[in-house]
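# Tertiary structure, described
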Amino acid sequence: MKETTGARESFGSKFGVIAATAGSAIGLGNIWRFPYVAGENGGGAFLLIYLGFILLIGIPVMLSEFVIGRAGQQNAFGSFRKLAPGKPWYLIGLMGVAAAFMILAFYTAVAGWTLEYIYQSLVNGFRGKSPAELELMFSDFQSGSFRPVLWFFVFMGLTAFIIMSGVKKGIEKSTKILMPLLLILLLIMAIRSVTLPGALEGIKFLFKPDFTKITTKSVLEALGQSFFSLSIGMGTLITYASYVPKDNNLGGTALSVATADTLIAILAGVAIFPAVFAFGIAPGSGAGLVYITLPNIFQQMAGGYFFSLLFFVLLGVAALTSTISVLEVIVAFFTEELGMKRKAATWTATALVSILGVMSALSWGALSGVQVFGQTIFGILDYASANILLPLGGFFIVLFVAWFFGRDNARAELGNNGSVRTGYLPFYIFIIRFIAPLCIAFIFLQGLGLIKV
Ligand code: PFF
């Protein structure tokens, strides 16, 4: 990719834009994180609140990032500085880069688990194991000191390799075919899961809201999950939007991406929870939930060997298109702001992320005794990035567009200077001026216990 001067490289086609952005959004957040967080927060009511946040706050934040990135034509930090010279708004970009380090570290550790599960699928390692044995198999793996670290490095290396090869070639190609395939496979798994004996309990858990299970903390977790899943609040989509051609309809892209992302999360829920109940797994089992549950489903499927292998490969690819988007935030910042070459930037970022990443990968093993605010290193990175940094980022991003960049500039960017209709604009502006910032601030302060209303 070209660096600070000259023409910036861009995504090639409309479908390329959607594929790359959806590739960033769809990943472990939908298939690993959504079920485990929903499971810990009581299921149905959490899902409803989550959906509300996607619509009311998530899509407007996504649009705002698109506006900033495509108008700014720079990395997350540089776009703010260009649109607001001499003003401290660029600090949002810096916070985003910090969040990218944290997310990439623990996320890549989980992505590494996918590689272990590809390997286990290959060698038929799940075969004949009872649900209890599969649970043990996962916790044995997770608490080890060698394989979680090894797989972390393999996955980090893959991510770095793709980033070094540039925007177009690397990102676009890998997403176009594989994401639709993932959707189809999830659908097949969901069908198998809901036809298991005892599946109904899981459907009820996911779709029957029980608001007595909701606390202010779970509302914040629903907000954090919606941000995490859509890849918003830290400048990933600012960075990607800077590569989006000027004739792309940003509103349409946001809607397609949010819809695809939400569909995949719900489908993952439908594949997981019936099986969770059918196999007697605790829905609140935490970060291992999906890895414990899925092999059980494959054991009950005709062609389970094949499906399991295919699924974990696709999950790995979905994770990869997300890790590259996070690494791109850091690398674009290093190249454009610090004047580094793309290769050097990638190596530096990878080395720095790896420090936190190894600590994350060891959070159930050698470093399980190391606690920060009562959580493991993995736990605190996961919790704080989604529930603190992303909402804070989202808060300032909407404020920036609403009150600084302004309605007219936003209209020009969203409407491609008059060539695309923006009938939704008044609604969007109203939300980003008042609703989104007030909601985020309130939920954030309540959820962290800083105010009590
Ligand atoms: N949205 C990704 C997922 O759901 O897996 C994770 C992610 C990617 C979060 C990029 C944040 C981000 F900036």
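Heads up: the structure comes first, above all this text.
Below: a short report on this structure. Each chain carries its own residue numbering, running from 1 in the direction its sequence is written. With pLDDT at 70 or above as the cut-off, local features in this predicted model cover only qualifying residues; side-chain atom pairs require 80 or more to be listed or tallied, and sums for whole chains, interfaces and linings still use all residues. The side-chain figures draw on all heavy atoms in the structure; neither hydrogens nor water molecules are used.

## Notes on helix H17 (residues 407–414)
With a 1.4 Å probe rolled over the protein chains alone, any residue whose accessible area is under 20% of its type maximum counts as buried; one over 50% counts as exposed, and the rest are partly exposed. Here a strand is any run of E in DSSP of at least two residues, a helix any run of H or I of at least four, and the numbering for each starts at the N terminus. Buried residues of H17: Ala410, Glu413 and Leu414, and no others. Take H17 and look down its axis: the buried residues cluster within an arc of 90°, on one side only. Note on definitions: a residue-residue contact is assigned when non-hydrogen atoms from the two residues lie within 4.5 Å. In this structure, the buried side of H17 is in contact with helix H3 (44–72), helix H12 (250–278), helix H16 (377–405) and helix H18 (425–447). Note that the arc is computed from the directions linking the helix axis to the C-beta atoms.

## Considerations on the nonpolar core
Only buried Ala, Val, Leu, Ile, Met, Phe, Trp, Tyr and Cys residues count toward a nonpolar core, and they belong to the same one when joined by side-chain atoms within 4.5 Å. Within the largest apolar cluster, 167 residues are counted, with the highest numbers of intra-cluster contacts made by Trp32, Tyr291, Phe311 and Phe312. Residues within four places of Tyr291 in sequence aside, it is in contact with Leu28, Trp32, Val110, Trp113, Thr114, Tyr117, Phe138, Phe312 and Leu315.

## Side note on the environment of Thr262
Looking at where Thr262 falls in the secondary structure, it is placed in helix H12. The spacing of Thr262 and Phe279 is 17 residues in sequence and 26 Å in space, taken between C-alpha atoms. Excluding residues within four positions of it along the chain, Thr262 makes contact with Leu51 and Ile54.

## Looking at the side chain of Glu221
Tracing the chain through its elements places Glu221 in helix H10 (residues 216–230). Residue classification places Glu221 among the buried residues on the basis of a relative accessible area of 8%. Beyond its immediate stretch of four places on either side in the chain, Glu221 contacts Val37, Asn41, Phe46, Tyr383 and Asn387.

## What to know about the packing of aromatic side chains
Where two aromatic rings form a pair, the distance of their centres and the angle of their planes describe that pair. Aromatic pairing here means that ring centres of Phe, Tyr or Trp (its six-membered ring) are within 6.5 Å. Orientation follows from the plane angle: under 30 degrees is stacked, over 60 is edge-to-face, and everything else is tilted. Here the structure, examined in full by the defined rule, presents 39 aromatic pairs. Taking 5.3 Å as the distance between ring centres and 45° as the angle between the ring planes, the aromatic pair formed by Trp32 and Tyr36 counts as tilted. Here Tyr36 and Trp32 lie together in helix H2 (residues 28–40), a separation of four residues that amounts to about one turn. Just as Trp32 is buried, Tyr36 falls in that class too. Residues Tyr117 and Tyr291 carry aromatic rings whose centres are separated by 5.3 Å and whose planes lie at 85° to one another, so their mutual orientation is edge-to-face.

## Quick notes on H3
Helix length check: H3 (29 residues) gives 40 Å between terminal C-alpha atoms against 42 Å at 1.5 Å per residue, within 8%. Where H3 bends most, the angle comes to about 40°, and this point is Ile54. With 24 of 29 residues buried, H3 lies mostly within the body of the structure. The positive-phi residue at the C-terminal boundary of H3 is Gln73, with phi of around 55°. To estimate how far a helix should reach, multiply one less than its number of residues by 1.5 Å. Fitting axes to the seven residues that end at a residue and to the seven that start at it, the angle between those axes gives the bend at that residue.

Keep in mind these values describe shape, not function.
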